[in-house]
Amino acid sequence: MKSITIKGSERESVGKKASKALRNAGKVPCVLYGGDKPLHFTADELSFKDLVYTPNAHTAVIDLGKTKFNAVLQDIQFHPVTDAILHVDFYQLFSDKLVTMQIPVNLVGNSPGVRNGGRLLWRKRKLAIKALPDNLPDFFNVDISKLKIGGYITVASLLSDDFTILHPDSTLVVQVKSARNAVLVEEDEEEGAEGAEGAEAAEATTEATE
């Protein structure tokens, strides 16, 4: 999984006034949990662009100059009006400790059910998993190229020994539901096939009579 570097500096004062002053200066107060004790630091708001404003999942490298920490974004607070980042919580990663993360789902291919008029319902755009940091996938690729009307794909088809998906195996990821025009299309196809069979049978009977 790709890591985004967040350059920052340790923070000594953690009061509300200090936090407000930092935000006014374009800095974001942050906390790194998971170590011996919480580590408070600040970083430029612009440095979060590739980590926050993306549909992809990334880990982070917290670069505080003398020390670096591998981490994952745990929580983020936005201003209710301006959407400016107010505060960010990170959780430190260790190679031998499991971590929970939301992994995006990508749909691959074109569904024949959709081409026949069915409705594609993307039930899960992200899946929560638990894994060691080195086993975190960038995304789940879900192939829908064989998904017909009434078909579906569940979590069961995405299981792996590298991670645990924190959803029941029967959880729907994507499905194609029938629509009125889709039913008519399928019926027309069936009727067409039956008509062709009937015509062939009639032709065969005529030839036998002759």
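The structure displayed is predicted, hence computed values, not measured ones.

Caption draft 1: Here's a closer look at the overall build of the protein chain. Helix and strand content of the protein chain: four helices and 13 strands. Residues counted as buried form 35% of the 210 residues belonging to the protein chain. At a minimum sequence separation of 6, the contacts of the protein chain that also span at least 24 residues come to 66%. Accessible surface computed for the protein chain: about 13100 Å², of which carbon and sulfur atoms make up 49%.

Caption draft 2: Quick look at the packing of aromatic side chains. Taken as a whole and judged by the stated rule, the model has three aromatic pairs. Both rings, one in Phe140 and one in Phe163, keep their centres 5.5 Å apart while their planes meet at 80°; by these two values the pair is edge-to-face. Within this pair, whereas Phe140 is found in strand 10 (residues 140-143), its partner Phe163 is found in strand 12 (residues 163-165), the two being separated by 23 residues in sequence. When sorted by exposure, Phe140 lands in the same class as Phe163, which is buried. A connected cluster of aromatic rings, assembled from ring pairs, spans Phe41, Phe48 and Phe90. The ring of Phe94 is capped by Lys97, whose NZ or CZ atom sits 4.8 Å from the centre of that ring.

Caption draft 3: Main features of unusual backbone geometry. With phi around 65°, Asp83 is a residue other than glycine that occupies positive phi space. Within the secondary structure, Asp83 is located in the loop between strand 5 (68-78) and strand 6 (85-92).

Caption draft 4: Structural view of the pairing of strand 2 (residues 27-33). With five of seven residues buried, strand 2 is to be regarded as a mostly interior element. Two strands pair when backbone bridges link them, and strand 2 and strand 3 (residues 39-44) are joined in this way by six bridges, in the antiparallel orientation. In the sheet register, Val31 faces strand 3, and the bridge partner there is His40. Taken together, strand 2 and the strand that follows it, strand 3, pair antiparallel across an intervening segment of five residues, in which Gly34 is found at a positive phi of about 105°. Here strand 2 runs beside strand 6; their pairing, made up of four bridges, is parallel. Residue pairing for strand 6: Cys30 is matched across the bridge by Val88.

Caption draft 5: Focus on the sheet that holds strand 11 (residues 152-154). Strand order across the open sheet formed by three strands is 8-13-11, with antiparallel pairing between neighbours. With partners counted over all chains shown, the strands left at the sheet margins are strand 8 (119-122) and strand 11, one partner each. Neighbouring strand axes in the sheet, compared pairwise and without regard to direction, differ in orientation by 10° on average. The pairing of strand 8 with strand 13 (residues 172-177) spans four bridges and is antiparallel. Note on strand 13: the bridge partner recorded for Trp122 is Val174.

Caption draft 6: Structural view of the environment of Thr171. Along the chain, Thr171 turns up in the loop between strand 12 and strand 13. When residues no more than four places from it in sequence are discounted, the contact partners of Thr171 are Lys124, Ile153, Thr154 and Val155.

Caption draft 7: How the structure looks around the sheet that holds strand 3. The sheet built from six strands closes into a barrel, its strands ordered 1-3-2-6-5-4 with mixed pairing. Each neighbouring strand pair of the sheet contributes to a mean axis angle of 45°, computed without reference to strand direction. As defined by bridge partners, strand 1 (residues 3-10) adjoins strand 4 (residues 59-63) across five bridges and the pair is classed as parallel. Note on strand 4: the bridge partner recorded for Ile4 is Ala60.

Caption draft 8: How the structure looks around the confidence of the model for the protein chain. Taken residue by residue, the protein chain gives an average pLDDT of 85. The fraction at 70 or more is 83%. Element-level mean pLDDT values for the protein chain span from 45 in helix 4 (residues 180-209) up to 98 in strand 12.

Caption draft 9: Structural context of the pattern of salt bridges. Tallying each qualifying case throughout the model produces two salt bridges. Between Asp44 and Lys27 there is a salt bridge, with the nearest N and O atoms lying 2.7 Å from each other. With Asp44 in strand 3 and Lys27 in strand 2, this residue pair connects regions lying 17 residues apart in the sequence. According to the relative accessible area criterion, Asp44 is partly exposed, its value standing at 37%.

About the cut-offs
Residues numbered from 1 in each chain as written. Predicted model: local features only at pLDDT ≥ 70, side-chain atom pairs only at ≥ 80, totals over all residues. Heavy atoms only, no water. Helix = DSSP H or I, 4+ residues; strand = E, 2+ residues; numbered from the N terminus. Buried < 20%, exposed > 50% of the residue type's maximum accessible area, 1.4 Å probe, protein only. Contact = heavy atoms within 4.5 Å. Areas by Shrake-Rupley, 256 points an atom, 1.4 Å probe, with all protein chains shown as cover. Phe/Tyr/Trp six-rings, centres within 6.5 Å; stacked < 30°, edge-to-face > 60°. Lys NZ or Arg CZ within 6 Å of the ring centre and 35° of its normal. Pairing = 2+ DSSP bridges. Axes fitted to C-alpha atoms, helices over the stretch in contact; angles between N-to-C directions. pLDDT = per-residue confidence, 0-100. Salt bridge = Lys/Arg side-chain N within 4 Å of Asp/Glu carboxyl O.

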